[in-house]
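# What the coordinates show
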Amino acid sequence: MIPLSYSLSIDMDCEVAGVELIHHNLILVTIYRSPKGDMKAFFEILEKLLSYIYRLNKQSIICGDFNVNFLSCDKNQEYLINLICPFGMKKTILEPTRGSKCLDNVFTSLNTEYTAIVVNNHVSDHFGQIFTFTVDDRQSYLTENKFKNLTKINEDTIRVFKYYLSKEMWNEVFLQNGVDGSFNSFLNTLKYYFDLSFSFNSDRKHSKSLRNKRPKVEWYNPDLKSMKDRLDLLV
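Below: a short report on this structure. Computed from a predicted model, the values in this text were never measured in an experiment.

Rules of the game
- Residues numbered from 1 in each chain as written.
- Predicted model: local features only at pLDDT ≥ 70, side-chain atom pairs only at ≥ 80, totals over all residues.
- Heavy atoms only, no water.
- Helix = DSSP H or I, 4+ residues; strand = E, 2+ residues; numbered from the N terminus.
- Buried < 20%, exposed > 50% of the residue type's maximum accessible area, 1.4 Å probe, protein only.
- Contact = heavy atoms within 4.5 Å.
- Areas by Shrake-Rupley, 256 points an atom, 1.4 Å probe, with all protein chains shown as cover.
- Pairing = 2+ DSSP bridges.
- Salt bridge = Lys/Arg side-chain N within 4 Å of Asp/Glu carboxyl O.

### What to know about the overall build of the protein
Looking only at helices and strands, the protein has eight helices and nine strands in total. In the protein, buried positions account for 38% of the 235 residues. A separation threshold of at least 6 residues defines the contact pool for the protein, and within that pool the share at least 24 residues apart is 62%. Accessible area of the protein: about 14500 Å², with a carbon and sulfur share of 56%.

### Things to note about the sheet that holds strand S3 (residues 59-65)
Across a sheet, strands are paired by hydrogen bonds formed along the backbone, either parallel or antiparallel in direction. Strand order in this open sheet of five strands is S1-S2-S3-S5-S4, and the pairing throughout is mixed. Two strands lie at the open edges of the sheet, namely strand S1 (15-21) and strand S4 (90-91), each paired on one side alone. By the bridge criterion, five bridges tie S3 to strand S5 (residues 104-108) in an arrangement that is antiparallel. Bridging across to S5, Asp-65 finds its partner in Asp-104.

### Quick notes on the pattern of salt bridges
Scanning all chains against the criterion turns up three salt bridges. Linking Arg-98 and Asp-125 is a salt bridge whose minimum nitrogen-to-oxygen distance equals 3.0 Å. Linking Arg-98 in the loop between S4 and S5 with Asp-125 in the loop between strand S6 (114-119) and strand S7 (128-133), this pair joins segments that are 27 residues apart in sequence. Asp-195 is the salt-bridge partner of Lys-191, the closest N and O atoms lying 2.9 Å from each other. One end of the pair, Lys-191, and the other, Asp-195, are both in helix H6 (residues 179-198), four residues apart, so they sit about a helical turn from each other. On the basis of relative accessibility, which here comes to 14%, the residue Asp-195 falls in the buried class.

Right under this line is the structure:
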């Protein structure tokens, strides 16, 4: 996490620091965005960070001073929430942290019990936030092999799948020569995002190769070819 934090941090736009608690399968990240920073750059950095953390298949906590008023209905607040929620993150601070505004927050993907409160520590113009959660010590005994090739489909992972598809330009599909090439490229791309969104594979070599290239479709069988041929007749 540390090298990634350094590569993502841009002074004023978004400063990031993170640590991984390996035995608890948990990543902690803190963020600061200056009120004078570029909002577009901040959103781009945050999206890269969320994508990276999500692909690691670890629980996460992202907290900090976002300098976005979470109690308002302005476009920046709405965009930020819509960006974070598809990654299974939940907002936990629902009251003011500076004056009448809620500029600080704690987002988490934890599926265990937690509490989040705001306290006046009398040492800053911002109120402090105390986030308390329980840790399942049994996770320290888990190995990667026990979680190999698991698939999890729920509302959160479906939202992530749709998000990835919405960002895909499908250039490779249109650059192919012929219908067969385009169809195979489409299936490869679809399977890539399906595996990325729903397959929680902790094999590091597999995860690395998945990020670097899209795998060939192994389930393109005669039935699918027949279906494609029938569709070709309709074109």
